[in-house]
Amino acid sequence: MKLPQDPVILLSYINTQLRDFYPSLNDLCKSLCIEETHVTKKLLSIGYKYNNELNKFI
């Protein structure tokens, strides 16, 4: 799956997927065949970190 390249759009996409379809970031990444580290590094570059309890990047 090709993810959005813009980090802000990626943030919106990932958080929407987590909210609507996946109970965890790990499940999302496995389902979409994407590297969790790629997502977390890209979103960390704009100051967002994954919160397990809330199941979203904040």
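Before reading further, recall that the structure is shown in the block above.
Because the structure is a prediction, the values reported are computed rather than measured.

Scoring rules and cut-offs
- Residues numbered from 1 in each chain as written.
- Predicted model: local features only at pLDDT ≥ 70, side-chain atom pairs only at ≥ 80, totals over all residues.
- Heavy atoms only, no water.
- Core = buried A, V, L, I, M, F, W, Y, C linked by side-chain atoms within 4.5 Å.
- Buried < 20%, exposed > 50% of the residue type's maximum accessible area, 1.4 Å probe, protein only.
- Helix = DSSP H or I, 4+ residues; strand = E, 2+ residues; numbered from the N terminus.
- Contact = heavy atoms within 4.5 Å.
- Salt bridge = Lys/Arg side-chain N within 4 Å of Asp/Glu carboxyl O.
- Arc of directions from axis to C-beta.
- Axes fitted to C-alpha atoms, helices over the stretch in contact; angles between N-to-C directions.
- Parallel < 35°, antiparallel > 145°, perpendicular 65-115°, else oblique.
- Nonpolar A, V, L, I, M, F, W, Y, C, P; charged D, E, K, R; others polar.

(A) Geometry of the nonpolar core. Ranked by internal contacts, the top residues of the largest apolar core, which has 15 residues, are Ile14, Leu18, Leu25, Leu28, Ile34, Val39 and Phe57. Residue assignment for this core shows that the elements contributing at least two residues are helix H1 (7-20), helix H2 (25-32) and helix H3 (36-44). Apart from the residues within four sequence positions on either side, Phe57 is in contact with Leu11, Ile14, Asn15, Leu18, Leu25, Val39, Thr40, Leu43, Tyr48, Lys49 and Tyr50.

(B) Quick peek at the pattern of salt bridges. Counted according to the given criterion, the structure contains one salt bridge. The salt bridge partner of Arg19 is Asp20, with a shortest N-O separation of 2.8 Å. A residue is classified by how much of its surface remains accessible, and Arg19, at 62% relative accessible area, is exposed.

(C) Examining the side chain of Gln17 more closely. Looking at the secondary structure, you find Gln17 in helix H1. With near-sequence residues (within four places) excluded, Gln17 lies in contact with Tyr22 and Leu28.

(D) Structural context of H2. Among all positions in H2, only Leu25, Leu28, Cys29 and Leu32 are buried. Angularly, the buried residues of H2 cover 95° about the axis, an arc narrow enough to put them on a single face.

(E) View of the packing of H2 against H3. At a minimum axis distance of 9 Å, the contact between H2 and H3 shows a crossing angle of 120°. Taken together, the axes of H2 and H3 are oblique relative to one another. Where H2 approaches H3, its residues Leu25, Asn26 and Cys29 are matched on the opposing element by Glu36, Val39 and Thr40. Of the residues contributing to the contact of H2 with H3, the split by class is three nonpolar, two polar and one charged.

(F) Expanded view of the packing of H1 against H2. The interhelical angle for the contact between H1 and H2, taken along N-to-C directions, is 105°, at an axis separation of 10 Å. When the interaxial angle is binned, H1 and H2 end up roughly perpendicular. Every residue of H2 that contacts H1 at Tyr13, Ile14, Gln17 and Leu18 is listed here: Leu25, Leu28 and Leu32. When its residues are assigned to classes, the contact of H1 with H2 shows six nonpolar, one polar and no charged.

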